[in-house]
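# What the coordinates show
Below are the chains, spelled out letter by letter.
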Number of protein chains: 2
Amino acid sequence: MEKRFNQSVFEELKSLLQDRVTSETNIRNEHGVGYSYHACTPPDCVVFPKNTQEIAEIVKICANHKTPIIPFGAGTSVEGHVLALEGGVCVDLSKMNHIIEINTDDMYVTVESGVTRNQIDEALEGSGFFFPIGPGVNATLGGMASTRASGTNAVRYGTMKDNVLTLTAVLPNGDVIHTGSKAKKSSAGYDLTRLLVGAEGTLGIITELTLKLHSYPEAIFAAVCSFPSVELAVNTVIKTIQKGIQMAKIELLDDQMMRAINLYSALNYAEKPTLFLEFGGSKVELEEQIRKVEEIAHEHKVIEFLWEKGEENRKKLWRARTDAAPAAVALREGGKLMSTDVCVPISKLAKCIVDTQVDIAETNILAPILGHVGDGNFHLTIVVDPNDANEIERAKALNERLVKRALDFGGTCTGEHGIGIGKLHFMQPEHGDALNMMRTIKRAIDPDNIMNPGKLLP
Amino acid sequence: MEKRFNQSVFEELKSLLQDRVTSETNIRNEHGVGYSYHACTPPDCVVFPKNTQEIAEIVKICANHKTPIIPFGAGTSVEGHVLALEGGVCVDLSKMNHIIEINTDDMYVTVESGVTRNQIDEALEGSGFFFPIGPGVNATLGGMASTRASGTNAVRYGTMKDNVLTLTAVLPNGDVIHTGSKAKKSSAGYDLTRLLVGAEGTLGIITELTLKLHSYPEAIFAAVCSFPSVELAVNTVIKTIQKGIQMAKIELLDDQMMRAINLYSALNYAEKPTLFLEFGGSKVELEEQIRKVEEIAHEHKVIEFLWEKGEENRKKLWRARTDAAPAAVALREGGKLMSTDVCVPISKLAKCIVDTQVDIAETNILAPILGHVGDGNFHLTIVVDPNDANEIERAKALNERLVKRALDFGGTCTGEHGIGIGKLHFMQPEHGDALNMMRTIKRAIDPDNIMNPGKLLP
Ligand SMILES: Cc1cc2nc3c(=O)[nH]c(=O)nc-3n(C[C@H](O)[C@H](O)[C@H](O)COP(=O)(O)OP(=O)(O)OC[C@H]3O[C@@H](n4cnc5c(N)ncnc54)[C@H](O)[C@@H]3O)c2cc1C
Ligand SMILES: Cc1cc2nc3c(=O)[nH]c(=O)nc-3n(C[C@H](O)[C@H](O)[C@H](O)COP(=O)(O)OP(=O)(O)OC[C@H]3O[C@@H](n4cnc5c(N)ncnc54)[C@H](O)[C@@H]3O)c2cc1C
């Protein structure tokens, strides 16, 4: 790839930011790969802006020289989103970490884009409100918006696209724009908010976000239910959703993944296809919901329906779920994670998972499955030997077949991780001519292709 | 305005559609105004395509001649959305009225864009599922998507933006694209679905939509509660939402509007600021919710809390609500409706309404208020004497002040009706530089400005 960086960009950045620009190898390398399985491709330098105005200046400097810009949140994205394919300037948002306003009357919080999930949780503690979207890792809100992230709560509260009210963003020409309004809905013009959400930094840099808050339920119960088969587990979920029972979390872990978390978190669950459930609401509501869900589960031959009612046990359960990725990696010494996710219409989910399990077994790859199954979304946490080129090829081929299967079922190549570079080649099969419209938009907004070039659009 | 229509466009359309193209004056006039207070501005001809392919051919013919195209659903939009400002071809979608698939497993319905709300209701009757979004009139789904419509259920189920899974659309260059997927979520690329939703036909013609279904609640209760003041009514709503109580509908009608519906629907409610509420859920849930809401209402000095538990009474109540616009018009012989809506953060709602009521009284205009107040959204149903130019000017000035007030409160110039031409001049004050980004997108996708020119973007 052609490089579009030069010394004068660095000098200009230096005079703007002084010691908040660096070209140290260590720091560049730390910013060149994220949690992806791709090879590290570092930027030419890394900057640490402190406010929107500085970011606008940085973008103008880069725009003048047609230098690539790679926005960087926490670097937890898994598809090579932050690789500096054509070099350039990595804009690290970690110093944009202020919570600007918590408004409980209007139920929103406004944050700088480098604020992390955990920071929001801490700031809201005791307020009676919470922000529902959370990947299984402490990502930034700007990064989460940019990958259209979701997580375990999405089945009830939606994804980032449903929970962002307004954005402040710096466009590739240096313009600072404010999208949306703090009103709960609007029909005033194009929905720029939702165009920037999921854009993976290819249309601009998000600098501030206003996010919807939700009220904390009166009571929360969690349960663990193991089933004789994936079909029976998934059909339990479908039936529950069809009955309009609003669970807060519905996670599926296959037998392999149950083995991994039992080992990793010293637990003793059945190593069977298992649902982790969470219910939130008033006590009266919950009692009824629980009764109904137990009934549905029993109709679907549930082996064991275990309540984790105390807060302690509940936290332990969800910690084990959050630790699923490291747990899978720990199954194999020196193993490296290759995470992938797809999403299908829920009626196709059981077949999609079962066919995939057969494929995994035949390919002889370690790939425990877990999923936000209420949405039809599941992940393979593939664990490979990073030194075994043949195995890596087989793992990639497995991923190819997984995505093809999901698309054949009317699904999408990624439910929540995004495209980055890892899924670029699925954009055409998934979107067909709609891809041209995406390209038209990208070219119009970023004619010099400086914003995170090489990502999202093949 | 320059006209961009000629005889050869007509001939080409004729040979494609035969008797499904017309330039009859009556039909052109029927398509030139919608429910707006603006003067009728008819298109040069009207076409009635039967499928996506025909629409693509029509668009190509028009694109060749740079002839404007105005998509037309049911023509119920209120801000001059369908006026043919530069003449051209009105694409009437009423023959695109087939329900393509009802899928209760995956809880979606796929329809052609000319299918109406009522058609969906009928098709789903007895299925246990329903589609929640409904304006107070029988609009088409393509029109509703294009204005980002909502209605009484939005407080619980969201707006059109939240309930469209996929779209098929014909772009200004004649390309047919499919956006989104039938999976419940995706992080694969730009969100074209939500770019087309709310675009008011300025980016393309929607020809098919896949919409989310929701399960019909086990029980439904409705209530009517009158309050001594708008503040007390609105604070009841805020408190209820903060407690996480999910009502299905929360409508506010001011004393004027209550008088209008009492007269029109032969009812006998107190002519006080009033909430119409609907609760949906299991019986147990509802009992609890009702108890809590009654408690909150009493804390806010509710005058009367009237339950409409039977289906009959409930239907009567919502029919009266639906008839609010004609009821307001009926207050005045020969009166003409000028409908307008704004939306503000809910903590600002009471003050925004009260200030507006003062303004209405001072301006001496008939303008009953009603609103989807759970979202901070309210409407003035202004009723003017169409022959009194001075009164119309005063009504317009009232609307200007209303919108300015909403923007000052951090709100939006329209919560659900859209921009059309009536609110064009608020786009700059509301969006600032973000408007440039909208213009960039429009120019890129529709460089010859043939799709509904003169709307949405000033
Ligand atoms: C163990 C583990 C578990 C995970 N679980 C989940 C999960 O449950 N659900 C889920 O959705 N994801 C999950 N992920 C993926 C990852 O956490 C998400 O993609 C997350 O949204 C990335 O946020 P980040 O702050 O790390 O962004 P980064 O990785 O820094 O960046 C992601 C992308 O967004 C761009 N970007 C970052 N900040 C901005 C900004 N301010 N403006 C514009 N563009 C920006 C970057 O250029 C890049 O393209 C998981 C990852 C790991 C490692
Ligand atoms: C009495 C009354 C009550 C109302 N109540 C509400 C309410 O509660 N909530 C609410 O949101 N609105 C309400 N409205 C406004 C109106 O019903 C909505 O704006 C509705 O969405 C318009 O749908 P339609 O099919 O009539 O579209 P039209 O009026 O035909 O068109 C509206 C716009 O969309 C474009 N368009 C139409 N079809 C397509 C298509 N297939 N592809 C691309 N563009 C298209 C048109 O060009 C136009 O710009 C009300 C209107 C009235 C008269």
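Criteria and thresholds
- Residues numbered from 1 in each chain as written.
- Chains lettered and ligands numbered in written order.
- Predicted model: local features only at pLDDT ≥ 70, side-chain atom pairs only at ≥ 80, totals over all residues.
- Heavy atoms only, no water.
- UniProt positions renumbered as here; feature names shortened; annotations may be inferred.
- Helix = DSSP H or I, 4+ residues; strand = E, 2+ residues; numbered from the N terminus.
- Rg over C-alpha atoms; globule rule 2.2 N^0.38 Å.
- Buried < 20%, exposed > 50% of the residue type's maximum accessible area, 1.4 Å probe, protein only.
- Contact = heavy atoms within 4.5 Å.
- Areas by Shrake-Rupley, 256 points an atom, 1.4 Å probe, with all protein chains shown as cover.
- Lys, Arg positive; Asp, Glu negative; His and termini not counted.
- Charge placed at Lys NZ, Arg CZ, Asp CG, Glu CD.
- Near = heavy atom within 4 Å.
- Polar contact = N/O pair within 3.5 Å; in protein donor to acceptor, adjacent residues only side chain to side chain.
- Nonpolar A, V, L, I, M, F, W, Y, C, P; charged D, E, K, R; others polar.
- Pairing = 2+ DSSP bridges.
- Core = buried A, V, L, I, M, F, W, Y, C linked by side-chain atoms within 4.5 Å.
- Buried area = accessible area lost by both parts, 1.4 Å probe.
- Salt bridge = Lys/Arg side-chain N within 4 Å of Asp/Glu carboxyl O.
- Axes fitted to C-alpha atoms, helices over the stretch in contact; angles between N-to-C directions.
- Parallel < 35°, antiparallel > 145°, perpendicular 65-115°, else oblique.
- Left-handed = near helix turned anticlockwise from the far one by under 90°.

Named according to an unreviewed UniProt entry, chain A is D-lactate dehydrogenase (cytochrome) originating from Emticicia aquatilis. As stated in UniProt under Sequence similarities (unreviewed entry), the record for chain A gives "Belongs to the FAD-binding oxidoreductase/transferase type 4 family." Per UniProt, the comment on chain A under Cofactor (unreviewed entry) is "FAD".

Of regular secondary structure, chain A possesses 17 helices and 18 strands. The C-alpha radius of gyration of chain A comes to 22 Å, within 12% of the 23 Å expected for a compact globule of 458 residues. When its C-alpha atoms are laid out on the principal axes, chain A stretches across 70 × 55 × 40 Å. Looking at chain A as a whole, 63% of its 458 residues are labelled buried. If you take every contact in chain A between residues at least 6 apart in sequence, the share linking residues at least 24 apart comes to 72%. Taken as a whole, chain A presents about 16,100 Å² of accessible surface, with 48% of it coming from carbon and sulfur. Positive and negative charge centroids in chain A, built from 47 and 59 side chains respectively, lie 3 Å apart.

This part takes up the site of ligand 2. All names here are of chain B. Near ligand 2 you find 36 residues, and of these P71, G73, T76, S77 and T140 are the closest. With respect to ligand 2, the backbone of A74 contributes an N or O atom lying 2.9 Å from an oxygen atom. Here an oxygen atom of ligand 2 sits 2.7 Å away from a polar atom, N or O, in the side chain of T140. Here ligand 2 loses 96% of its free accessible area of 980 Å² to cover by the protein chains. Counting residues per element, the shell around ligand 2 draws most heavily on helix α5 (residues 141-146), at four residues. Along the lines of polarity and charge, the residues of the shell around ligand 2 split into 15 nonpolar, 19 polar and two charged.

In this section: the pairing of strand β6 (residues 108-112) of chain A. Residues and elements named next belong to chain A. By the criterion of burial, β6 is predominantly enclosed, with five of the five residues buried. Burial along β6 is two-sided: the face carrying Y108, T110 and E112 and the face carrying V109 and V111 are both buried. Pairing geometry for strand β5 (residues 99-103) and β6, over four bridges, is antiparallel. Within β6, the position partnered with E101 by the bridge is T110. Where β5 hands over to β6, the hairpin turn is made up of four residues, of which M107 adopts a positive phi near 55°.

A word on the nonpolar core. Counting 199 residues, the largest nonpolar core has M160 of chain A together with M160 of chain B as the members making the most contacts within it. Residue contacts for M160 of chain A: discarding those within four places in its chain leaves F131, I133, L141, M144, A145, R148, A149, V197 and L211 of chain A.

Time to look at the interface of chain A and chain B. Contacts between the two partners involve 88 residues from chain A, matched on the other side by 88 residues from chain B. Each partner contributes to the roughly 6,600 Å² buried at the junction of chain A and chain B, and carbon and sulfur atoms together form 57% of this total. Taken as a group, K185, Y190 and M437 of chain A account for 15% of the area that chain A buries against chain B, more than any other trio of residues on that side. Linking chain A to chain B there are eight salt bridges. The partner of E416 of chain A in a salt bridge is K185 of chain B, with the nearest N and O atoms 3.2 Å apart. Summed over the shared surface of chain A and chain B, the number is 42 residue pairs in polar contact (both at pLDDT 80 or more).

Moving on, we come to the site of ligand 1. Residue and element names in this part refer to chain A. Around ligand 1 sit 36 residues in total, of which P71, G73, T76, S77 and T140 are the nearest. Separating an oxygen atom of ligand 1 from a backbone N or O atom of G73 is a distance of 2.7 Å. Note that an oxygen atom of ligand 1 is positioned 2.9 Å from one of the backbone N or O atoms of A74. Protein chains shield 95% of the accessible area of ligand 1, which is 980 Å² for the free molecule. Listing elements by their share of the shell around ligand 1, those giving two or more residues are β3 (69-72), α5 (141-146) and β10 (205-212). Of the residues that constitute the shell around ligand 1, the class distribution is 15 nonpolar, 19 polar and two charged.

On to the sheet that holds strand β4 (residues 89-92) of chain A, then. Residue and element names in this part refer to chain A. On the basis of which strands lie adjacent, the open sheet formed by four strands has the order β1-β2-β4-β3 and mixed pairing. Since the sheet does not close on itself, it has two edges, and those belong to β1 (21-22) and β3, each with one partner. In this structure, β3 lies alongside β4, joined through four bridges in parallel fashion. Within β4, the residue paired with I70 across the bridge is C90.

Now for the UniProt feature "domain: FAD-binding PCMH-type" (unreviewed entry) in chain A. The positions that UniProt labels "domain: FAD-binding PCMH-type" (unreviewed entry) are, in the present scheme, residues 39-216 of chain A. The straight-line gap between the two end C-alpha atoms of residues 39-216 of chain A is 42 Å; of that span, 23% is helix and 25% is strand.

Turning our eyes to something else, we now look at the packing of helix α9 (residues 230-242) of chain A against helix α11 (residues 283-299) of chain A. Residue and element names in this part refer to chain A. Relative orientation of the contacting elements α9 and α11 amounts to 140°, with a least axis distance of 9 Å. Classed by the angle they form, the pair α9 and α11 counts as oblique. Between α9 and α11 the crossing geometry is right-handed. In this structure, α9 contributes T236, K239 and T240 to the contact, and α11 contributes V293, I296, A297 and E299.

The full count for this structure, using the stated rule, is 46 salt bridges over all chains. Put simply, D359 of chain A and R401 of chain A hold a salt bridge, and the shortest N to O gap is 2.8 Å. Of this pair, D359 of chain A sits in helix α14 (residues 349-363) while R401 of chain A is found in helix α15 (residues 389-408), placing the two residues 42 residues apart along the sequence. Residue D359 of chain A is classed as buried on the basis of its relative accessible area of 8%. Overall, the relative accessible area of 34% leaves R401 of chain A in the partly exposed class. The partner of K249 of chain B in a salt bridge is E278 of chain B, with the nearest N and O atoms 3.9 Å apart. Of the two residues, K249 of chain B is situated in strand β13 (residues 249-253) and E278 of chain B in strand β14 (residues 274-281); the sequence distance between them amounts to 29 residues. Of the two residues, K249 of chain B and E278 of chain B, both sit in the buried class. Beyond isolated ion pairs, a larger network of salt bridges with shared partners links K184 and K185 of chain A together with D375 and E416 of chain B.

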